[in-house]
Amino acid sequence: MNKINFAFFGSTSYSKKLLEALIENDYIPSVIFSIPKEFGISYAKEKIINSNFADLSELATKYNIPYYEVDSSNGKRIQEYKQVLQELKLDLILVLGWYYMLPKEIRDLSKNGAWGIHASLLPDYAGGAPLNWAIINGEKKSGVTLFKFDEGIDSGDIIKQQAFDIAYTDSIKEVYEKAYLASKDVLLNVLKNIQNISYKPQDLKQQKIYPQRKPLDGKINLDMSSHELYNFIRAQSSPYPGAYIVTSDNKKLIIEKARIEENI
């Protein structure tokens, strides 16, 4: 087994696939923290639903790894588990598919701090839903960034990046898979050489922070051009709630896929 003593934080299908890849390569976490499918968060009055949720408790049980859930709506903040983390004397905290800020008092419980992967080439597309926003904006390229957490929003020092192309026919599901494969490569390559990593500060003057997206943000505006609508639809297709119109009988009609005909 690779001897890195680390905590794993995650709650999505992306998290689960990366955790499986780590375990397959003999990187076994000392503890797993997750978030339930419905949870409270500061920017929403009601609980929100994680449309990409994956149950990590199954892997925790299979490999006999301690498992805890965090949900601010019932008082289970990560600070409640400070002693658990402190006693582990961690080398690293890996945060991959997480929704809460990780305070300094928690990050400092690890020798190498807390690392996360953001699905963009930082400082571009910092903040929420970076892949969705990239497709909505018609980007032809994106990537992933492994970085060290600090007090800001996706503003920490960069450890490694890897780019990938976004094809015009790609849906969010296909782009998500590209992000996973790039993340896996980056993560395993860096962990193999963890003793020799270097950190590169971001140029935060170039940073633009995008907001999180909610299901209601998928409402289609027919004043958009055909290409804007096409990007808007594919950016929010399955497994996300989808782009939609409201019908005359007050129903949501989800538009899962579209094509553009150049001539009428």
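A. Representation of the layout of surface pockets. Empty space within the second largest pocket amounts to approximately 190 Å³. Lining of the second largest pocket is provided by Thr169, Asp170, Ser171, Glu174, Tyr230, Ile233, Arg234, Ser237, Ser238, Glu256, Lys257 and Ala258. With 3 residues, helix α7 (residues 226–234) is the single largest residue contributor to the lining of the second largest pocket. Within the lining of the second largest pocket, the residues separate by chemical class into 3 nonpolar, 4 polar and 5 charged.

B. Summary view of α7. Residues of α7 that are buried include every one of Leu229, Tyr230, Asn231, Phe232, Ile233 and Arg234, and no others. For α7, the secondary structure elements touched by its buried residues are α5 (130–136), α6 (172–192), β12 (243–246) and β13 (252–255).

C. The arrangement of the environment of Thr247 in detail. Residue position: Thr247 is located in the loop between β12 and β13. Separated by 130 residues in sequence, Thr247 and Ile117 place their C-alpha atoms 39 Å apart. Separated by 2.4 Å, the side chains of Thr247 and Asp249 make a polar contact.

D. A look at the packing of helix α1 (residues 13–24) against α6. Across the interface, α1 lies against α6 with an axial gap of 10 Å and an inter-helix angle of 35°. Classified by chirality, the crossing of α6 by α1 is right-handed. On the side of α1, the interface is formed by Ser13, Tyr14, Lys17, Leu18, Ala21 and Leu22, while α6 contributes Tyr176, Glu177, Ala179, Tyr180, Ser183, Lys184, Leu187, Leu188 and Leu191. Looking at side-chain class alone, the contact of α1 with α6 contains 10 nonpolar, 2 polar and 3 charged residues.

E. The arrangement of a nonpolar patch on the surface in detail. A cluster of nonpolar side chains, Met101, Ile153 and Ile209, forms an exposed patch at the surface whose accessible area comes to about 290 Å². Secondary-structure assignment places Ile153 in the loop between β9 (141–148) and β10 (158–165). For Ile153, a relative accessible area of 42% gives the class partly exposed.

F. Quick look at the side chain of His118. Tracing the sequence through the fold places His118 in strand β7 (residues 114–118). With residues up to four places along the chain from it excluded, the contact list for His118 reads Tyr125, Ala126, Gly127, Pro130, Gly143, Val144, Thr145, Phe147 and Asp154.

G. Representation of the sheet that holds strand β6 (residues 92–95) within the structure. Overall, mixed pairing links the 7 strands, which are arranged β5-β2-β1-β6-β7-β9-β10 in an open sheet. Each edge of the open sheet carries a strand with a single partner, namely β5 (67–69) and β10. Each neighbouring strand pair of the sheet contributes to a mean axis angle of 15°, computed without reference to strand direction. In the sheet, β7 pairs with β9 via 4 bridges, with the strands oriented antiparallel. The residue of β9 that forms the bridge with His118 is Thr145.

Reading the values: rules and limits
Residues numbered from 1 in each chain as written. Predicted model: local features only at pLDDT ≥ 70, side-chain atom pairs only at ≥ 80, totals over all residues. Heavy atoms only, no water. 1 Å grid on protein atoms, 1.4 Å probe; cavity = no way out; pocket = protein on both sides within 12 Å on 5 of 7 lines; lining within 4 Å. Points joined across faces, edges and corners; volume = space filled by probe spheres on them. Helix = DSSP H or I, 4+ residues; strand = E, 2+ residues; numbered from the N terminus. Nonpolar A, V, L, I, M, F, W, Y, C, P; charged D, E, K, R; others polar. Buried < 20%, exposed > 50% of the residue type's maximum accessible area, 1.4 Å probe, protein only. Contact = heavy atoms within 4.5 Å. Polar contact = N/O pair within 3.5 Å; in protein donor to acceptor, adjacent residues only side chain to side chain. Axes fitted to C-alpha atoms, helices over the stretch in contact; angles between N-to-C directions. Left-handed = near helix turned anticlockwise from the far one by under 90°. Patch = residues over 30% accessible without salt bridge, like charges linked within 9 Å, V, L, I, M, F, W, Y side chains within 5 Å. Areas by Shrake-Rupley, 256 points an atom, 1.4 Å probe, with all protein chains shown as cover. Salt bridge = Lys/Arg side-chain N within 4 Å of Asp/Glu carboxyl O. Pairing = 2+ DSSP bridges.

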